[in-house]
Amino acid sequence: MSEIALYTRPQSLEDVSMHYCPGCGHGIVHKLIAELMDEMDLRDKTVAVAPVGCSVIAYEYWDVDCTEAAHGRAPAVATGIKRFRPDAFVLVYQGDGDLASIGIAETIYAANRGENFTTIFINNTIYGMTGGQMAPTTLPGQVTTTSPTGRDVATMGYPIRMCEIYDTLEAPSFIARTMLDSPGGIRKTKTLIRKAFEAQVAGQGFSVVEILSPCPTYMRMDPIQAMKHIKDKVSEYFPVKIFRDRTAE
Amino acid sequence: MAKRVLMTGNEALGEGAIRGGCDCYFGYPITPQNELTAYMARHMPDHDRTFIQSESEIAAINMVFGASVAGARSMTSSSSPGVSLKQEGMSYLAGCCLPALIVNVMRAGPGLGDITPSQADYFQATRGGGHGDYRTVVLTPATVQEMHDFAAEAFDIADRYRNPVMILTDGRLGQMMEPLTLWDKEAAPPAKPWALTGAAKRIKRTIRSYYAGRVPENNARIQATLRKIEQNEVRFETYMMDDADIMLVAFGTAARLCRGAVDCVRADGIRAGLLRPQTVWPFPHEAIAGYCDQLKTVLTVEMNAGQMVEDVRLAVEGRTPVRFYGTIGGDVPSVADVVEQIRLLTTGSES
Ligand SMILES: Cc1ncc(C[n+]2csc(CCOP(=O)(O)OP(=O)(O)O)c2C)c(N)n1
Ligand code: SF4
């Protein structure tokens, strides 16, 4: 009797153990990206940009060319790469502090120029790497080390909905929000990342997928509770949907 | 035959960079360097190269970083307040061992200051500027010809050492016109076996400055490069130094005025000469020290409150008195001002 492998490690994913906490969304998304690089034959032409955040060493996990970028500056770095190497497949990976706080100017302007790269945006409603401070996406009332009595919108403002902001711009080709709340949510996320990658391959300009993602450590929940919290609470504030899809055009 | 043209310093610098093989230019408007950005906007597309007006200086330097990662010869230009914003990106370029050209057409500070020419960013330029242990090679042109030539050569230096290079100039040199001979050497960028191109048929490459636990190794590599630069890239020019007993030290615009002042006082029999650093990092310490035995006084002239004079004092190590004359806040000295300073020195020493 012969054995049939139903699932193997994607070739574009290094065979090393990751440093992420148990139940963290980063590892899940890294794997989805690697699977798509294999399936879409992108590994050989990918130049990836890793952020500053928990995923700072993403380059140790993907088997592709990859550079670091200063905190928040990945979209500008990717702009430089893609303009000089238009044939490269340029992947940008960012957390919410990186993309929606310190780097929001670079984020908006690269999207507004329609730079032909793809951003994978991990929204875990927290600053993970620095130890659980308030993020631009932290929910009203959410307790963090810098909002110890819960985010008070009267003085700290409201969580920023990035997809809705991208959607005000003319140039982006694909904008979607998805969530890692269940195996189904993970599969759906992969479908949407694929579409975003297709938009870039077809030269349609800036594409982005925002992924509501668990950070069990600083959501102060176990991994299953964190996924349930994403479905019940996080996606209530951040609606999961496709905002724009020009891949069909 | 090499062509003679009349251009502003800013435009000559842009044309020099294009001839030096600049693939990508990224910049944000600020006076007194706008002619350079506009020149690149007009001419980079002609050569099928990239020009982007970025949303900020921070974005510009990070675009430079990205293009350099991908193997391009890339540059940005700005003036003092904008160069302050680029410091984080310059630290990352240095930390990741990436070549790039940064131009600072200095204006008066601190703060918004004024658009008048200044040399007050000397410390920022020569001490690293951003965080961490690094240095930027700093070229200091004094003529429109040098604005052009240094820009063309800067990419070779940056590529040779995989280290950022700065051209440090000021609003007067940027905006004045002079005739120059256009650079006519073919740009010959070296192979970049470290650049990110997509890992087809090879193992992946990573560009990083983050090395948890191994940062000392990365720093040691950077320091070894900096020692090589110190050995090979010091540039300076001397004028009337053979029999001089007063040595003026000045760079850029201030050096032009000092040269005029040397001519004036020589007519009166005062034996003054000029040493003009063309790189202020690496600094010509040894050349300056070598003149100490023949000198009565060193006079450093700068358009700031006294910055390079600290390097001159380090070079002289107390063997000769070092005096300073400077104008601050965007004022430019006249030749007559410098002549007066030299005269004061001579009467002072004779009385
Ligand atoms: C200029 C600068 N400011 C602050 C920091 C510290 N810092 C590192 S990661 C980070 C936030 C990361 O949060 P996020 O982008 O949400 O990613 P996560 O860690 O949650 O995945 C901060 C503030 C830094 N590295 N650089
Ligand atoms: S702190 Fe949060 S985001 Fe960071 S690795 Fe742990 S679970 Fe993931």
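Residues numbered from 1 in each chain as written. Chains lettered and ligands numbered in written order. Predicted model: local features only at pLDDT ≥ 70, side-chain atom pairs only at ≥ 80, totals over all residues. Heavy atoms only, no water.

Counting its regular elements, chain A contains nine helices and seven strands. Its C-alpha radius of gyration of 17 Å places chain A within 12% of the 18 Å reference for a compact globule of 249 residues. Summarising its shape, the C-alpha atoms of chain A cover approximately 55 × 50 × 30 Å along the three principal directions. Residues classed as buried in chain A amount to 59% of the 249 residues present. Across chain A, contacts joining residues at least 24 apart in sequence account for 68% of those joining residues at least 6 apart. Accessible area for chain A stands at about 9900 Å²; split by element, carbon and sulfur atoms hold 55% of it. Counting 24 positive and 29 negative side-chain charges, chain A places the centres of these two groups 5 Å from one another. (Helix = DSSP H or I, 4+ residues; strand = E, 2+ residues; numbered from the N terminus. Rg over C-alpha atoms; globule rule 2.2 N^0.38 Å. Buried < 20%, exposed > 50% of the residue type's maximum accessible area, 1.4 Å probe, protein only. Contact = heavy atoms within 4.5 Å. Areas by Shrake-Rupley, 256 points an atom, 1.4 Å probe, with all protein chains shown as cover. Lys, Arg positive; Asp, Glu negative; His and termini not counted. Charge placed at Lys NZ, Arg CZ, Asp CG, Glu CD.)

Turning our attention to empty space enclosed by the protein. Residues and elements named next belong to chain B. One pass over the structure, following the stated rule, counts one cavity of 30 Å³ or more. The calculated volume of the largest cavity comes to roughly 40 Å³. Residue lining of the largest cavity: Ala-94, Cys-97, Tyr-161, Arg-162, Asn-163, Arg-221, Ile-222 and Thr-225, and that is the complete set. Per-element accounting of the lining of the largest cavity gives the leading share, three residues, to helix H9 (residues 215–232). (1 Å grid on protein atoms, 1.4 Å probe; cavity = no way out; pocket = protein on both sides within 12 Å on 5 of 7 lines; lining within 4 Å. Points joined across faces, edges and corners; volume = space filled by probe spheres on them.)

What follows concerns the site of ligand 1. In the neighbourhood of ligand 1, 17 residues make up the surrounding shell, with His-26, Cys-54, Asp-96, Asp-98 and Gly-128 of chain A lying closest. With respect to ligand 1, its neighbouring residues span chains A and B. The side chain of Asp-96 of chain A places a nitrogen or oxygen atom 2.7 Å from an oxygen atom of ligand 1. For ligand 1, an oxygen atom lies 2.8 Å from a polar atom in the backbone of Gly-128 of chain A. For ligand 1, the protein covers 77% of the area, taking 600 Å² as the surface of the free molecule. (Near = heavy atom within 4 Å. Polar contact = N/O pair within 3.5 Å; in protein donor to acceptor, adjacent residues only side chain to side chain.)

So, on to the site of ligand 2. All names here are of chain A. If you check the shell around ligand 2, you find Tyr-20, Cys-21, Cys-24, His-26, Cys-54, Asn-124, Cys-215, Pro-216, Thr-217 and Tyr-218 and nothing else. Looking at which element gives the most residues to the shell around ligand 2, the answer is helix H8 (residues 216–219), with three residues. For the shell around ligand 2, the class distribution of residues is seven nonpolar, three polar and no charged. (Nonpolar A, V, L, I, M, F, W, Y, C, P; charged D, E, K, R; others polar.)

Judged by nonpolar contacts, the single largest core of 118 residues is most densely connected at Met-40, Met-75, Met-247, Ile-288 and Val-312 of chain B. No other element matches the nine residues that helix H7 (residues 144–161) of chain B contributes to this core. Three or more residues apiece are contributed to this core by two domains, here domain 1 (4–232) and domain 2 (236–347) of chain B. Among the nonpolar cores identified, the runner-up in size contains 38 residues, and Tyr-20, Ile-33, Phe-89 and Ile-122 of chain A belong to it. (Core = buried A, V, L, I, M, F, W, Y, C linked by side-chain atoms within 4.5 Å. Domains from an automatic or database assignment.)

For helix H5 (residues 87–95) of chain B, the buried fraction is high: eight of the nine residues fall into the buried class. Within the span of H5 of chain B, buried status applies to Gln-87, Gly-89, Met-90, Ser-91, Tyr-92, Leu-93, Ala-94 and Gly-95 of chain B.

Time to look at the packing of aromatic side chains. Residues and elements named next belong to chain B. By the definition in use, this model includes eight aromatic pairs over all chains. With centroids separated by 5.8 Å and ring planes inclined at 40°, the aromatic side chains of Tyr-122 and Phe-251 adopt a geometry described as tilted. Highlighted residues: Tyr-122 in helix H6 (residues 122–126) and Phe-251 in the loop between strand E12 (246–249) and helix H10 (252–267), separated in sequence by 129 residues. Each member of the pair, Tyr-122 together with Phe-251, is buried. (Phe/Tyr/Trp six-rings, centres within 6.5 Å; stacked < 30°, edge-to-face > 60°.)

What follows concerns the interface of chain A and chain B. In this assembly, 37 residues from chain A lie in contact with 37 residues from chain B. Carbon and sulfur atoms supply 57% of the area that chain A and chain B bury against each other, a total of about 2700 Å² over both sides. When residues of chain A are sorted by the area they lose upon contact with chain B, Asp-65, Glu-68 and Phe-84 of chain A head the list and together hold 23% of the total. For the pair chain A and chain B, the interface holds five salt bridges. Measuring nitrogen to oxygen at the nearest pair gives 2.6 Å for the salt bridge that ties Arg-202 of chain B to Asp-65 of chain A. Where chain A packs against chain B, one counts 23 residue pairs in polar contact (both at pLDDT 80 or more). Elements with a contribution of two residues or more to the side of chain A that touches chain B: strand E1 (46–50), strand E2 (65–68), helix H2 (74–84) and helix H4 (104–112) of chain A. Ranked by residue count, the leading element in the side of chain A that touches chain B is H2 of chain A, at seven residues. By residue class, the composition of the side of chain A that touches chain B is 18 nonpolar, five polar and 14 charged. (Buried area = accessible area lost by both parts, 1.4 Å probe. Salt bridge = Lys/Arg side-chain N within 4 Å of Asp/Glu carboxyl O.)

Turning our eyes to something else, we now look at the pattern of salt bridges. All names here are of chain A. Tallying each qualifying case throughout the model produces 39 salt bridges over all chains. Here Lys-31 ties to Glu-35 by a salt bridge, and the two come within 3.9 Å at their closest N and O atoms. A residue pair is termed a helical-turn pair when its members lie 3 or 4 positions apart in one helix, as Lys-31 and Glu-35 do in helix H1 (residues 25–39) at four residues. Judged by its relative accessible area of 10%, Glu-35 is buried. It is possible to trace a salt-bridge network through shared partners that takes in Lys-31, Glu-35, Glu-39, Lys-190 and Arg-194.

Take the sheet that holds strand E16 (residues 322–326) of chain B next. Residue and element names in this part refer to chain B. Taken in spatial order, the five strands of this open sheet run E11-E13-E12-E15-E16, and their pairing is mixed. Each having just a single partner strand, strand E11 (236–239) and E16 make up the two edges of the open sheet. The average angle at which neighbouring strand axes cross in this sheet is 20°, direction not considered. Note that E12 and strand E15 (residues 297–302) share four bridges and pair parallel. Pairing of Met-247 across the sheet is with Val-298, part of E15. The strands touched by H10 are E11, E12, strand E13 (272–277) and E15; relative to E13, the strand with the most contacts, the crossing angle is about 165°. (Pairing = 2+ DSSP bridges. Axes fitted to C-alpha atoms, helices over the stretch in contact; angles between N-to-C directions.)

All names here are of chain B. Inspection of the secondary structure puts Ala-305 in the loop between E15 and helix H12 (308–316). Judged by its relative accessible area of 67%, Ala-305 falls in the exposed class. Beyond its immediate sequence surroundings of up to four residues, Ala-305 is in contact with Phe-324 and Ile-328.

The subject of this paragraph is the UniProt feature "domain: Thiamine pyrophosphate enzyme TPP-binding" (unreviewed entry) in chain A. When the UniProt feature table is mapped to this numbering, "domain: Thiamine pyrophosphate enzyme TPP-binding" (unreviewed entry) covers residues 65–211 of chain A. The distance from the first to the last C-alpha atom of residues 65–211 of chain A is 23 Å, and the span holds 37% helix and 19% strand. (UniProt positions renumbered as here; feature names shortened; annotations may be inferred.)

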